[in-house]
Amino acid sequence: MRYGRWIAGGLGFWLGGPIGAIIGYAVGTLIEKGDVISPSRTQNPQEGFRVALIVLVGAVMKADGTVKKSELDYVKDFFVKNFGVEATKDAMLLLRDILQKEIPLNEVGRQIGDNLDYNTRLQLLHFLYGIGKADGVLDEKELVVIEQIAYAMGISGVDMASTKGMYYEDINSAYAVLEVLPTVSDEEVKRAYRAAAIKYHPDKVAHLGADVQKSATERIKQVNESYDKIKKVRGMA
């Protein structure tokens, strides 16, 4: 089997640094098996995003010491929906080899922070919480790993809490999504909702391609659901 073009492009994007070393290991493993890859040096953010996602997914899946079938199924389903069947085959092959490597979280996070814009990093964080919640529960060890990655990527504590809140259903999490306290006025809630709708708009990640942009609509849906929940509790019009 031949590795897909996007993985070759991703290796070119991350050539050097901890991510380059991790991907280089995986690519080397496949070359030893007779596969062919020609890394590209083109700076394609779409390919860089996908490879960064797979590396970070591997880190989260390893967090609790057990790689669960539910997590693998979630990753596979996510890639099929967003990148297609062929890309999914390549992604799962890459993930298989990455799971055999130690992933230096701080170094990887800093490299991502230096090379990807803030909205792209927020989208990565959103996906990581989804992976962690794939089995129905965000395990404490998974949360620690995700937060370590987020801080290393340069994500603010407020944005981290907002993104995390999208994966819980209580009212306090709804406020966290909008980045306000339960004590604020109705007008402040409305302003916070408008700000969140702008921050998490799918157009913010349009440069990553239509596939990721489509997936990003889930974030704005969660913002809307959080706002509706708060309005209901407060009796807001």
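In what follows, the structure referred to is the one given above.
Predicted, not measured: the structure shown is a model, and the values here were computed from it. The residue count restarts for each chain, going from 1 along the sequence in the order it is written. Note on the predicted model: pLDDT of at least 70 is required for a residue's local features to be given, and 80 or more for side-chain atom pairs to be given and counted; whole-chain, interface and lining totals, by contrast, use all residues. By convention in this description, side-chain values take in all heavy atoms of the structure and omit both hydrogens and water.

Colleague: Can you help me understand a negative patch on the surface in this one?
Modeller: Each patch is assembled from residues with relative accessible area greater than 30% and no salt bridge, linking like charges that lie within 9 Å and nonpolar side chains (Val, Leu, Ile, Met, Phe, Trp, Tyr) that lie within 5 Å. Only the protein chains shown count as covering a residue, and every accessible area follows the Shrake-Rupley method with a 1.4 Å probe. Salt bridge, as used here: a side-chain nitrogen of Lys or Arg that lies within 4 Å of a carboxyl oxygen of Asp or Glu. Only four residue types enter the charge count: Lys and Arg as positive, Asp and Glu as negative, with His and the chain ends excluded. Each charge is placed at NZ for Lys, CZ for Arg, CG for Asp and CD for Glu. On the surface, Glu-169, Asp-170, Glu-218 and Glu-225 cluster together into a patch of negative charge. Secondary-structure assignment places Asp-170 in the loop between helix H9 (157–165) and helix H10 (171–178). The buried label goes to any residue with under 20% of its type's maximum accessible area, the exposed label to any with over 50%, and the partly exposed label to all in between, with areas taken from a 1.4 Å probe on protein chains only. What makes Asp-170 partly exposed here is its relative accessible area of 38%. By the criteria applied, helices consist of DSSP H or I runs no shorter than four residues and strands consist of E runs no shorter than two, each listed in order from the N terminus.

Colleague: Just checking my understanding: could you explain the packing of helix H7 (residues 118–132) against helix H8 (residues 140–153) for this structure?
Modeller: A pair of packed helices is characterised by two quantities: the angle between their axes and the separation of those axes. Close contact between H7 and H8 brings their axes to 10 Å; oriented N to C, the two are set at 175 degrees. When the axis of H7 is compared with that of H8, the two are roughly antiparallel. Listed contacts from H8 to Arg-121, Leu-124, Leu-125, Leu-128, Tyr-129 and Gly-132 of H7 are Glu-142, Leu-143, Ile-146, Glu-147, Ile-149, Ala-150 and Met-153. Residues are grouped as follows: nonpolar covers Ala, Val, Leu, Ile, Met, Phe, Trp, Tyr, Cys and Pro; charged covers Asp, Glu, Lys and Arg; every other residue, Gly included, is treated as polar. For the contact of H7 with H8, the class distribution of residues is 9 nonpolar, 1 polar and 3 charged. Axes, fitted as lines to C-alpha atoms, cover a helix only where it is in contact. Angles between the N-to-C directions of the axes lie from 0 to 180 degrees. Any angle that falls under 35 degrees is termed roughly parallel, while one over 145 is termed roughly antiparallel, one within 65 to 115 roughly perpendicular, and all others oblique. Contacts are residue-level and defined by heavy atoms, with any inter-residue pair within 4.5 Å sufficient.

Colleague: Quick question: what am I supposed to make of unusual backbone geometry here?
Modeller: Negative phi is the rule for most residues except glycine; trans is the rule for most peptide bonds. Here Glu-179, not a glycine, exhibits a phi torsion of approximately 65 degrees, which is positive. With respect to the helices and strands, Glu-179 occurs in the loop between H10 and helix H11 (186–199).

Colleague: Looking at this model, I keep getting lost on the packing of aromatic side chains. Mind explaining?
Modeller: Within a pair of aromatic rings, the relevant descriptors are the distance that separates the centres and the angle that separates the planes. Only centres within 6.5 Å qualify two rings of Phe, Tyr or Trp (six-membered ring in Trp) as a pair; their planes then separate them into stacked at under 30 degrees, edge-to-face at over 60, and tilted for everything else. Applying the stated rule across the entire model yields 3 aromatic pairs. An angle of 5 degrees between the planes, with centres 4.0 Å apart, marks the rings of Tyr-193 and Tyr-227 as stacked. In this pair, Tyr-193 is assigned in helix H11 and Tyr-227 in helix H13 (residues 217–234), connecting sequence segments 34 residues apart. Judged by its relative accessible area of 10%, Tyr-227 is buried. Above the ring of Tyr-168, the side-chain terminus of Lys-133 is found at 5.5 Å from the ring centroid. Definition used: whenever NZ (Lys) or CZ (Arg) falls within 6 Å of the ring centre and also within 35 degrees of the ring normal, the charge is taken to sit over that ring.

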